[in-house]
Amino acid sequence: MELDEIRHAISDTDQQLLALLAKRRQLALAVADAKLAQNKPIRDQKREQELLVSLIGQGKPLGLDAQYVTRLYHVIIEDSVLQQQAKIQGQLNGTDSPAVRVAFLGGQGSYSYWATQKYFTRRAERIIEQGCDSFNEIVQAVETGHADYALLPIENTSSGSINEVYDILQHTRLSIVGELTHPIAHCLLGLPGTDLTKIRQVCAHPQVIAQCSQYLQGLSQVKIEYCDSSSDAFNRIKQQQDPTVVAIGGEEGGQLYGLEVLTRDLANQKDNVSRFIVVARKPVTVAKAIPAKTTFIMYTGQQPGALVDALLVLKQHGISMGKLESRPINGNPWEEMFYVDVFANLNDYAMTRALEELNKITKFIKVLGCYPSEDIEPTQVTAG
Ligand SMILES: C=C(O[C@@H]1C=C(C(=O)O)C=C[C@H]1O)C(=O)O
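Residues numbered from 1 in each chain as written. Predicted model: local features only at pLDDT ≥ 70, side-chain atom pairs only at ≥ 80, totals over all residues. Heavy atoms only, no water.

By the naming in an unreviewed UniProt entry, the protein chain is Bifunctional chorismate mutase/prephenate dehydratase, taken from Rheinheimera muenzenbergensis. Reading the Function (unreviewed entry) entry of the UniProt record for the protein chain gives the comment "Catalyzes the Claisen rearrangement of chorismate to prephenate and the decarboxylation/dehydration of prephenate to phenylpyruvate." Under Subcellular location (unreviewed entry), UniProt gives the following word-for-word description of the protein chain: "Cytoplasm". (UniProt positions renumbered as here; feature names shortened; annotations may be inferred.)

Structure (structure tokens):
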């Protein structure tokens, strides 16, 4: 066969693969309905385990090794579970809608832009993008009804918690209705033909600069220019047409602005991942069939053991904590607001009781939201 002919056959095969993946997704959505009717949880790791064992066995005589099959199916199953969760949540809360208006940081190509696409593509046919220049502007867009949802980065594996977002959550009336994690692969991007040895300025968002601090320390002669977002940085390079100025951002984003990758993997941590939250004016209820997370803030006062007492309440009710963060309270120097993420549904009996007790022993407590956990840990195939 000629090269063109072989490639044609590959393209044909890929088309069939895509059609089959789409068909599998539809079947998984039908499974979600069946599970709801039978009161069963969406995730079934026993079934996943059996499926993986059987697929690995089927792959072997076809020359497809176990690792390859497992990697592929982890992605497929994660998608399948997230699709089912999104469907059930939409039905339960009446949030299924053909179009959603979403406020996020930056414009096309920013990290928040890609996270918005990833999260809402499962939930709406059309996303009406509302790119903003600051976290405050994003939240205001939803508070004033100009957008339905806001997407905000809350923590990153390299730079830690995003304090500005935590502080906004203390004062907003909005509720957390969802979360997602998104890998953030920072690249140095420039105009085509940029000579890395001649760069004088790097444009990036302050969070990005924090996440790449170790790499940037090595560029001592280069000026750092703070930007509102990665897409703002890309735009500046495109507008200025100066080959000595470069941006940091994602490869796919840079491509939208005609930029090329000069260096990859700039983040301090190899696994650089951001967690985003999705907020809306109305809280949501999380279906019993889906693992839920609840986030609340509390002020315990400064008496000895106050925080320990509060955490003991969670322990007594068998509630696991995912994260504990503290931030200063505006206007009360040296007093701290605690932010707590727990793996529990707000409607669980244990959670209701725990909140009642916390209400009694804390000076202030507010639930920021209860939302589906999107952490789909891959099922491992046990030997034997
Ligand atoms: C589709 C299902 O739901 C989930 C997804 C699975 C899959 O994509 O194969 C398997 C088990 C469940 O965790 C199912 O239960 O069959």
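That shown, we press on.
### What to know about the UniProt feature "domain: Prephenate dehydratase" (unreviewed entry) in the protein chain
Under the UniProt annotation, "domain: Prephenate dehydratase" (unreviewed entry) lies at residues 101–281. Its end C-alpha atoms 13 Å apart, residues 101–281 is made of 31% helix and 33% strand. (Helix = DSSP H or I, 4+ residues; strand = E, 2+ residues; numbered from the N terminus.)

### So, the pairing of strand E1 (residues 99–105)
Most of E1 sits out of view: 5 of its 7 residues are buried. In the sheet, E1 pairs with strand E2 (residues 126–132) via 7 bridges, with the strands oriented parallel. From the neighbouring strand, Val100 faces E2, where its bridge partner is Ile127. Strand direction decides the pairing type here: E1 and strand E3 (residues 149–156), joined by 2 bridges, are parallel. Of the residues in E3, the one forming a bridge with Val102 is Tyr149. (Buried < 20%, exposed > 50% of the residue type's maximum accessible area, 1.4 Å probe, protein only. Pairing = 2+ DSSP bridges.)

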